[in-house]
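An overview of the molecular structure
Below, each chain spelled out in residue letters.
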Amino acid sequence: MTQEIGGFAALDLHPNVLAAVIATGYEEPSAIQIQAIPVILAGHDMIGQAQTGTGKTAAFALPILSRIDPAKRQPQALILAPTRELALQVATAFETYAKQMPGVNVIAVYGGAPMGPQLKAIRNGAQIVVATPGRLVDHLRRDEKVLSTIQHLVLDEADEMLKLGFMDDLEVIFKAMPESRQTVLFSATLPHSIRAIAEKHLRDPKHVKIETKTQTVTAIEQVHLMVHADQKHAAVLRLLEVEEFDALIGFVRTKQATLDLAAALEAKGYKAAALNGDIAQNQRERVIESLKDGRLDIVIATDVAARGLDVPRITHVMNVDMPYDPESYVHRIGRTGRAGRTGRALLLVTPRERRMLQVIERVTGQKVGEVKLPDAKQVLDARIKKLTNSLAPLVADAEASHGELLDRLTADIGCSPRALAAALLRKATNGQALTLTEVERDQPLVPGSSGGPRERSERTERPDREGSRERRAPVPLSEGKARCRTALGARDGIAAKNLLGAILNEGDLAREDIGRIQVRESFSLVELPEEGLDRLLGKLKDTRVGGKPLKLRRYRED
Ligand code: AMP
């Protein structure tokens, strides 16, 4: 369908970049993309106020890829990200969007990996360098010319970089690049420190921000669930077990995701179908008709495909992928609660999207309370309840119609009525797991789902500058966390950001998984997820920070 790619096609991206975007399955640019892409393409400096989940990565990656010269084998764009996790994510996004641009290479540069190969890849002419500031400064110390050909600089999640104490590193990096470069700064918030950087290092920047009007949503009960991105399918399947829905619409971001999730649901026996911009109009109408009359119960759709959808049977909206902006959230959940009925809206939030949840709450003026993933017992109870509900109406007149047959069968088989009833149940439930152990075996708990990662305002603490008092009042432990101790402290030249970086890198964790970090003179304390702690400590057993072994151990206050 050409009209659905019209949105991207109108943006003047390089044809090869456009082709890659279409191949990715995005149907239309998000609000931040519509606004930022033309500004960046035109070569302006820019301040973009946007958080994760708005599509901000593509908002800078697409125009930058459109502007680089693949024939020139030298670094042309530098993206700075606060953590290795984000750097890798951004690098992967660039690789996806550069798929149809032969000769374009992307290198991710972060701590915890050997420096030699990184420097070699930069020198070999990777055009796009995605880096964490600390490691990049290490490279600059070895080769001060390494950034001398950069023409585009992006500071991604600038507020997070400053929170992690990268201010000084940023200054070093700014100095190592040509002044004529284009600088783009993305930040969820614009505190004074960020404005000061913009003032000093950006030239006449354009401001891009998604304006959000307050929206009201009534008659819809809204809840959210914290989940890791790779566990979404498992989480959706679990939620569906306990949610009592009539019809449900689930929203995802790409065409492929509609197909994947709809197929996963069908495989579990749900009457589900995908709805996306590739589906022909008459087929689309058939899907909607089927949802209306009950031949389908679940439709997994993209925003574009679900536009204007009005099916009163829809009791539930599930935001499997976060919407790009609060407007589209309000629009999506408006698919339920039609015609004066009440509806329920579920929102799956990955740790990095927590901010977006806050924005949604602010814009709608409503709290979107947290629910936990149902445990095996709840799943079992829900299954039994469904079975009870389906059998109860049949019992009343069954004995009259089938009593005699039962007598004959029990006599012929030589079994009790209870044994026969049990056999019939097994057949009727199609081998579905209906004991707690079976459910537990069938559906392993989604790891990391209990409790969910907590956001904190102050995740790290500076070393104790006075350096004198090693003992002080114990700091209360964050929920779901265990406190661990390392013998490395401020006297070893360790700062909280070093510990954070090393543990994130080696432990393969999301930033939110790590709680408070307290650096003392001769030791440090770090909060880590209680769940799976032993495995994590095993993973970290050979980790070194500042050249010294980290040796984290569980720590008890007493
Ligand atoms: P970001 O806010 O950059 O972290 O992006 C969040 C997610 O949205 C990523 O998984 C992207 O692949 C996806 N995404 C970005 N732009 C679009 C778009 N126009 N259509 C669909 N998905 C998108």
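For every chain, the first residue of the written sequence is number 1, and numbering continues from 1 along that sequence. At least 70 in pLDDT is required for a residue's local features to be given in this predicted model, at least 80 for side-chain atom pairs to be given and counted, and no such filter applies to totals for whole chains, interfaces and linings, which use all residues. The side-chain values count all of the structure's non-hydrogen atoms but skip hydrogen atoms and water molecules.

1. Digging into the layout of surface pockets
Over the atoms a probe the size of a water molecule is rolled, and this reveals where empty space is left. Selection rule: Only protein atoms enter the 1 Å grid used here, on which a cavity is any set of points holding a 1.4 Å probe that cannot leave and a pocket is any open set flanked by protein within 12 Å on both sides along at least five of seven lines; residues with an atom within 4 Å of a point are listed as lining. Grid points are joined across faces, edges and corners, and a volume is the space filled by probe spheres set on the points. Comment: elements are numbered from the N terminus, with helices defined as DSSP H or I runs of at least four residues and strands as E runs of at least two. Classification convention: Asp, Glu, Lys, Arg as charged; Ala, Val, Leu, Ile, Met, Phe, Trp, Tyr, Cys, Pro as nonpolar; all other residues, Gly among them, as polar.
If you add up the space inside the second largest pocket, you get close to 880 Å³. If you list the elements that add at least two residues to the lining of the second largest pocket, you get α11 (232-242), α16 (376-413) and α18 (436-442). The greatest single-element share of the lining of the second largest pocket, amounting to 6 residues, is contributed by α16. In the lining of the second largest pocket, the residues fall into 9 nonpolar, 7 polar and 12 charged.

2. Observations concerning the environment of K56
Inclusion rule: Side-chain atoms alone can form a polar contact between residues adjacent in sequence; in general such a contact is a pair of N or O atoms within 3.5 Å, and within protein one must be able to donate a hydrogen while the other accepts it.
If you trace the backbone, K56 turns up in helix α4 (residues 56-67). Sequence separation between K56 and L537 is 481 residues, and the spatial gap between their C-alpha atoms is 34 Å. Separated by 3.0 Å, the side chains of K56 and D156 make a polar contact.

3. Here we look at unusual backbone geometry
In terms of backbone geometry, most residues other than glycine have negative phi values and most peptide bonds are trans. Spelled out, the test is: Only protein chains enter the area calculation, which uses a 1.4 Å probe; residues under 20% of their type maximum are buried, those over 50% are exposed, and those in between are partly exposed.
The backbone of D12 sits at a positive phi, close to 70°, despite the residue not being glycine. Relative to the elements of secondary structure, D12 occurs in the loop between α1 (2-9) and α2 (15-24). A relative accessible area of 65% means that D12 is categorised as exposed. With a phi angle near 45°, D204 is a residue other than glycine that sits in the positive phi range.

4. Considering the sheet that holds strand β20 (residues 553-554)
What counts, and what does not: When DSSP locates at least two bridges between a pair of strands, those strands are taken to pair.
Pairing is antiparallel in the open sheet, where 4 strands are placed in the order β16-β17-β15-β20. For this open sheet the edge positions go to β16 (517-519) and β20, each flanked by a neighbour on one side alone. In this structure, strand β15 (residues 481-486) lies alongside β20, joined through 2 bridges in antiparallel fashion. Looking at β20, one finds that C484 is bridged to R554.

5. Some remarks on the domain arrangement of the protein chain
Inclusion rule: An automatic or database domain assignment provides the domain bounds reported here.
Looking at the assigned domains, one finds that the protein chain contains domain 1 (7-209), domain 2 (220-376) and domain 3 (456-460 + 472-554). On a C-alpha basis, the centroid separation for the pair domain 2 and domain 3 is 37 Å.

6. Quick notes on the sheet that holds strand β8 (residues 220-226)
For clarity, the cut-off: Contacts were defined at the residue level, with two residues in contact if any of their heavy atoms lie within 4.5 Å. Simply put, an axis is a line fit to the C-alpha atoms, just over the touching stretch for a helix, and the angle between two N-to-C directions goes from 0 to 180 degrees.
Spatial ordering of the open sheet is given by β10-β11-β9-β12-β13-β8-β14, a layout of 7 strands whose pairing is parallel. In the strand order of this sheet, the two ends are held by β10 (272-275) and β14 (369-370), each with one partner. The pairing of β8 with β14 spans 2 bridges and is classified as parallel. Among the inter-strand pairings, V223 is bridged to a residue of β14, identified as G369. Each of β10 and β11 (298-301) is contacted by helix α12 (residues 255-267), which is oriented at about 175° to β10, the strand it contacts most. Running at roughly 150° to strand β12 (residues 314-319), helix α14 (residues 326-333) makes contact with β8, β9 (247-251), β12 and β13 (343-349) of the sheet.

7. So, the packing of aromatic side chains
Rule in force here: When two rings of Phe, Tyr or Trp (its six-membered ring) have centres within 6.5 Å they constitute a pair, described as stacked for plane angles under 30 degrees, edge-to-face for angles over 60, and tilted for the intermediate range.
A full pass over the atoms with the stated rule returns 4 aromatic pairs. Measuring from ring centre to ring centre gives 5.5 Å for F60 and F186, while their planes differ by 45°; the resulting arrangement is tilted. With F60 in helix α4 and F186 in strand β6 (residues 182-187), this residue pair connects regions lying 126 residues apart in the sequence. Comparing F60 with F186, the two get one shared label, buried. Every member of this aromatic cluster is reached through a ring pair, and the members are F8, Y26 and Y97.

8. Describing the pattern of salt bridges
Rules: The term salt bridge refers to a side-chain nitrogen of Lys or Arg lying within 4 Å of a carboxyl oxygen of Asp or Glu.
Tallying each qualifying case throughout the model produces 32 salt bridges. Ionic pairing is found between K497 and D169, a salt bridge with its closest N-O pair at 3.8 Å. Of this pair, K497 sits in helix α19 (residues 496-507) while D169 is found in helix α9 (residues 167-175), placing the two residues 328 residues apart along the sequence. What makes K497 partly exposed here is its relative accessible area of 28%. K292 serves as the salt-bridge partner of E289, at 4.0 Å between the closest nitrogen and oxygen. Remark: K292 and E289 occur in helix α13 (residues 281-293); sequence separation between them is 3 residues, near one turn of the helix.

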